[in-house]
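# Examination of the molecular architecture
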Amino acid sequence: MKVEIKKAVTLAYTLTDTDGNILDKADANEPFMYLHGTGGVIPGLEKALDGKAVDDQLTVNLKAAEAYGDYSDKLTSDVPKTMFEGVEEKDMFVGAQFHAETDQGMQVVTVKAINEDTITIDGNHPMAGKDLNFDVTVLAVRDATEDELAHGHIHAGGHDHKHDEGDSCCGGGCGG
Ligand SMILES: [Zn+2]
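Before going into details, it helps to say that this report is about the structure given with it. (Residues numbered from 1 in each chain as written. Predicted model: local features only at pLDDT ≥ 70, side-chain atom pairs only at ≥ 80, totals over all residues. Heavy atoms only, no water.)

## A word on the overall build of the protein chain
A count of helical and extended segments in the protein chain gives two helices and nine strands. Written out in order from the N terminus, the α and β elements of the protein chain read β-β-β-α-β-β-β-β-β-β-α. Per-residue burial over the protein chain gives 34% buried out of 176 residues. By sequence separation, contacts in the protein chain at least 24 residues apart represent 58% of the contacts at least 6 residues apart. Carbon and sulfur atoms make up 48% of the accessible area of the protein chain, which amounts to about 10,800 Å² in all. (Helix = DSSP H or I, 4+ residues; strand = E, 2+ residues; numbered from the N terminus. Buried < 20%, exposed > 50% of the residue type's maximum accessible area, 1.4 Å probe, protein only. Contact = heavy atoms within 4.5 Å. Areas by Shrake-Rupley, 256 points an atom, 1.4 Å probe, with all protein chains shown as cover.)

Shown next as structure tokens:
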């Protein structure tokens, strides 16, 4: 079976930056699963996987623009410290990441600077601006279930879950 649209794909991968630092990895014990053709992985990687089969290994080098995008200064902003009321002091540091509700939906923001009355937050993806290398092995390919196709993502571990009406489908992360 080949990787194509509407297939559930299981991968092992090692993600490194251009200096060879490992940024992320998934192995056979804790593989990564996604629904092909739905933007479940970054476009450049999805394209490279198209038509591949089980046991295929590939190395995919992606420029930042094809991966998580170029770094944009426009995505940083100063917000009042009061927005982080309730966050413990030990959790507030440069580099800390928070989920924030934005116009584009739920987003991860990174604390870039802590100022007197404001916090400078950075809405860029943590890997924005980085050229990435993926060493990928295709571990499994199967047909996605109807539920998975309806939800637009994989239900790993066979757990059957229901989404309430208007629920944003567990933030897209119910497979994890
Ligand atoms: Zn779901």
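That shown, we press on.
## Points about the side chain of E148
Looking at the secondary structure, you find E148 in helix α2 (residues 146-151). Among the polar contacts made by the side chain of E148, one reaches the main-chain amide nitrogen of H155 at a distance of 3.0 Å. When near neighbours in sequence (up to four residues on either side) are disregarded, E148 contacts A8, L35, R142, H153, I154 and H155. (Polar contact = N/O pair within 3.5 Å; in protein donor to acceptor, adjacent residues only side chain to side chain.)

## With respect to the packing of aromatic side chains
Evaluation of the coordinates by the stated rule reveals four aromatic pairs. On the basis of an interplanar angle of 85° and a centroid distance of 5.8 Å, the ring pair of Y13 and F32 is categorised as edge-to-face. Residue Y13 is located in strand β1 (residues 7-17), and its partner F32 is located in strand β3 (residues 32-35); the two are separated by 19 residues in the primary sequence. On the basis of relative accessibility, which here comes to 27%, the residue F32 falls in the partly exposed class. Here a set of aromatic residues connected by ring pairs shows up, and it is made of Y13, F32, Y34 and F134. (Phe/Tyr/Trp six-rings, centres within 6.5 Å; stacked < 30°, edge-to-face > 60°.)

## Looking at unusual backbone geometry
With a phi close to 75°, K6 is a non-glycine residue in the positive phi region. Residue K6 is classed as exposed on the basis of its relative accessible area, which comes to 51%. Positive phi, close to 80°, is recorded for D55, a residue that is not glycine. Residue placement: D55 occurs in the loop between α1 (43-49) and β4 (57-62).

## Details of the pattern of salt bridges
Applying the stated criterion to the full structure yields five salt bridges. For K7, the salt bridge is made with E4, and the minimal N-O distance between the two is 3.8 Å. On the basis of relative accessibility, which here comes to 40%, the residue E4 falls in the partly exposed class. Across the pair D143 and K7 runs a salt bridge whose closest N-O atoms are separated by 2.4 Å. You can see D143 sitting in strand β9 (residues 132-143) and its partner K7 sitting in strand β1, a full 136 residues away along the chain. In this structure D143 comes out as partly exposed when scored by relative accessible area, which is 45%. A residue is classified by how much of its surface remains accessible, and K7, at 9% relative accessible area, is buried. (Salt bridge = Lys/Arg side-chain N within 4 Å of Asp/Glu carboxyl O.)

The values are spatial; any link to function lies outside them.
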